[in-house]
Structures are given as C-alpha cells and as structure tokens.
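Listed below are the residues making up each chain.
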Amino acid sequence: MTRRTWLHGTGLMALPQVVAARPAGTDVIDGLSVYTAQVGPRSWVLLELRTKQGLTGLGDASANETVPVKGAAVAREAFEIMRGRSPFEIERLRNAALFKVAAAGPREKRITAASCSALEQCLWDLQGKTVGVPCYQLFGGKLRTMIRNYANINRATRGEQRTPEGFAANAMSGAAAGFDAFKLAPFDHMARNESDPDAYEEGVQRGVGFVAAVREAIGPNRDLLIDGHSRFDARQAMDVAARLKQYRLYWMEEMCRSAENLAQFNQQTDIPTAGGESLWSTGEFFRYIRSGAVDTVMPDVKYCGGMYELKKIAAIAEAAGLGVAPHGPASPVGNMAAAHVCASLPNFEILELAFGEVPWRAETVVPAEQVRGGLLAVPERPGIGYEMNPERWQRYSA
C-alpha cells in the first residue's frame, strides 16, 4: 500500500473539504495546558484543552513509559492537529492520529498514542460541556449507572512489601474499602521466558505464594485476577495455570507476549483469559480478536485512541462474542473517561482501578473521586464530570 493510497483510505485527503464545511462562529480550540504528577515510581500526565469561549476539557495521557517532560513535549506537538478546530471534529483528530502514530518510531509510538488519546478525551469532555450533557449520552446512553471496579493492588505493593504478607495486607485494605475483585502481578520478579529450570521453579513458586496469600486474605467469594505481564511462553503459561487453578481465578491476563502464544494458551486452558492493554486502534484489536488470543479484551482509553476508539473496539469484541474490561491504572480523569464509555457497553465486564497507589489520588479532581463498595458512579454533570484540582497537581508535580 502506498502512502497516497493509505491517506485516501483514512480520509485525510478529504480534510480540506471538512474544514471548509465548519460553521462560522463555532467555538474553537485555543490552548493547551499540561500537568504532571509523581505517583510512586510513575507519573501522571493530564492534558487540558481550552476553547476561545473559555470551556476546558480534560484527558489523561499517562502511560507506563511516559517521561513527564517528554510526554508534555509530544502532547504540545499533537495539539497542533486541533488548534483552531471545533471540539466536534473527532474523526479529523482520529485520522490524523492514525497517521501520526504509524509514523512514530517504536520508542515514540506509545507516548504519541497516549497524547493523541488524551486529546480525544478532551474533545469529548468539551462536547459534553458544549451541549450540556454527560459524555455517556454522546455514546448512546447508559445501560448501567454504577461501574464495577477491581482493585489493582500491584502498584501499591512495592519493594520490600512484595511478600505474601505485603500483598495480603493491601488486599485486606481493598476489601475493607468495599472492593470485591482484586488483581496482582505475582511474577514481576521473573525474567521473561526464563530458561534456567531452577530460576524458573523458584520464581513460579514465589509468585504462587503471593496468589495463595491474597486468596486467603480476601476469602472464597471475592474475585481474584492475575496479570502475567507477558513473562511466559505458551508452555510455561500452561504450567502456571495448572498451579493456580485451585485459587479459582477470574482471569489470567497477558500471560504471553505474542498473540500467537496467547491464542495457543487460550485454546488449551479452561481459565478465562484477558489482554490487549498495549494495543492501539481498531486495526490492531481486530487482528488480536481474530487470532483468538483472549476471552476478554482490555483496551486502555489512555492509549488505544480514546473514548470513541474504545467504543469501536468494544463493538468488534461484541460481534466476536467477547467481553470488554478496559485496562486502567490511570488518574481519576482516565478512569472516568473510560467509565462513561463502559456505561454504554452491552459487553462490559469490569474496570481497573489502581488501589492504594497514592493516598491523595481522589483529591486531584473536583469533585473528589468517589469509589464506594468498589463501584464508580457515572455522574450527571456535563462532559466527563470532573474539573482538575490545580493545587494538588502543583503540590505533587513530577
């Protein structure tokens, strides 16, 4: 496929006609602010778009590989796509972002995708505020008022805490807060595709010990999710699954790196599987779903392309008979952006929340984030439903 053919296929060649059709007097995007916060060893990156009429829209550009200074620079470069444009030109941003991410080098892809995804979230927030409705109304209305979250306790369990007792303590804290589902990545200490038999056995036994401790802490009736962080090949993943079967897992996530290994594992195990957090766009998810890699797909609103892309990916999964559980160890803005889309999805399962990562998480937005009994209420306020708390972001600036 030539570049010209690709541009025609995406609609970018037709953008001048779209520009000419924009109604006179429409509020346009006029500015961008970038805020960062240090969250343990990681950082959050928040984008805020402004229009000439003074509206603001928020989006979460946080990604595991995001370096705050670099993330801010890429975000400002991506902002030029929408400067002077209407907040309603979602497809214009989407088409330009597809080209921009495709042109990025391997090291730049994730941070570029995160910036474009965040800008897209900002546009939906602005749209909701412009017409005076919550974002879920823009995605077809809500099928549910409350979004079930699972507590990802992995990021809260750092350093010397990564013991059976440390994981169990954080799980019990989550249970006390009302969560009924918990996730940990118990094999992060292992090398990927460990080939030394002794190191492999030692690593797996240690990870199984973490899982056993959490299951005992949360009891038999709460859900337990495991993230393999792509540490294993298909054969090793089957071995680990056999050892973990007694702990009645809700799913095993990202056990292998390649879609081929995931599909092989998925065909052989009777434990539900999940994955897809690092994929970008409907194109990558279509191939992933078609390969039979997982039972539940996990698009990340901060990376997959944004809220509209999440909705499109969920539709592909629905057609394939798969559930959707968005990946989301994000700031409150990222979680709420995903929640608005989740409210509209017939195949939604559960949403991720980074539990206990920092004690001031809820205070970074106004009104403060409220997750009660493991449930996140979808607000009736226009847009995403949050404004940022600049004092908190400045206090914890990265």
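To start, this report covers the structure provided alongside it. Keep in mind the model is a prediction, meaning the values are calculated, not measured.

1. Things to note about the overall build of the protein
So, step 1. Counting its regular elements, the protein contains 14 helices and 15 strands.
So, step 2. A globule of 398 residues ought to have a C-alpha radius of gyration of about 21 Å, and the protein, at 21 Å, matches this closely.
So, step 3. Considered along the principal axes of its C-alpha atoms, the protein spans approximately 65 × 50 × 40 Å.
So, step 4. Evaluated residue by residue, the protein yields a buried proportion of 58% over its 398 residues.
So, step 5. Long-range pairs, those at least 24 residues apart, make up 72% of the contacts in the protein between residues at least 6 apart in sequence.
So, step 6. Element-wise, carbon and sulfur atoms account for 52% of the exposed surface of the protein, whose accessible area totals about 16000 Å².
So, step 7. Mean positive and mean negative side-chain charge positions of the protein (44 and 44 charges, respectively) differ by 5 Å.

2. Details of the nonpolar core
So, step 1. In terms of nonpolar packing, the biggest core is built from 109 residues, with Leu-47 and Leu-244 touching the most fellow members.
So, step 2. Here the element with the most residues in this core is helix α5 (residues 106-131); it accounts for eight residues.
So, step 3. What Leu-244 contacts, discounting residues up to four positions off in sequence, is Phe-187, Val-208, Val-211, Ile-226, Leu-249 and Met-252.
So, step 4. Formed by eight residues, the second largest nonpolar core is a distinct cluster that contains Tyr-150, Ala-274, Ala-325 and Ile-350.

3. Description of the sheet that holds strand β1 (residues 29-39)
By way of backbone hydrogen bonds, the strands of a sheet pair with one another, either parallel or antiparallel.
So, step 1. An order of β1-β2-β3 is seen for the three strands of this open sheet, with the pairing classed as antiparallel. The open sheet is flanked by β1 and β3 (56-60), the only strands paired with a single partner. Ignoring which end each strand starts from, the neighbouring axes of this sheet average 20° apart.
So, step 2. Here β1 pairs with strand β2 (residues 42-51) via ten bridges, running antiparallel. Paired with Ile-29 across the two strands is Thr-51, which belongs to β2.
So, step 3. Each of β1, β2 and β3 is contacted by α5, which is oriented at about 145° to β3, the strand it contacts most.

Rules used in this analysis
Residue positions are given per chain, counting from 1 as you read along its sequence in written order. Predicted model: local features are reported for residues with pLDDT of at least 70 only, side-chain atom pairs are reported and counted for 80 or more only, and whole-chain, interface and lining totals are derived from all residues. Excluding hydrogens and water, the side-chain figures rest on all heavy atoms present in the structure. Numbering of helices and strands runs from the N terminus; a helix is a DSSP stretch of H or I covering at least four residues, while a strand is a stretch of E covering at least two. All radius of gyration figures rest on C-alpha atoms, and the globule criterion is 2.2 Å times the number of residues raised to 0.38. Residue exposure (1.4 Å probe, protein chains only): buried if accessible area is under 20% of the type maximum, exposed if over 50%, otherwise partly exposed. Residues count as neighbours in contact if any of their non-hydrogen atoms are within 4.5 Å of one another. Accessible surface area values rest on a Shrake-Rupley calculation with a 1.4 Å probe, where residue burial reflects the displayed protein chains alone. Counted charges follow a simple rule, with Lys and Arg positive, Asp and Glu negative, and His plus the chain ends left uncounted. Charge placement uses NZ in Lys and CZ in Arg. For Asp and Glu, CG and CD serve respectively. Side-chain atoms within 4.5 Å link the members of a nonpolar core, which is a set of buried Ala, Val, Leu, Ile, Met, Phe, Trp, Tyr and Cys residues. For two strands to count as paired, DSSP must find a minimum of two bridges between them. To obtain each axis, a line is fitted to C-alpha atoms, and for helices this fit is confined to the stretch in contact; angles are then taken between N-to-C directions over 0 to 180 degrees.

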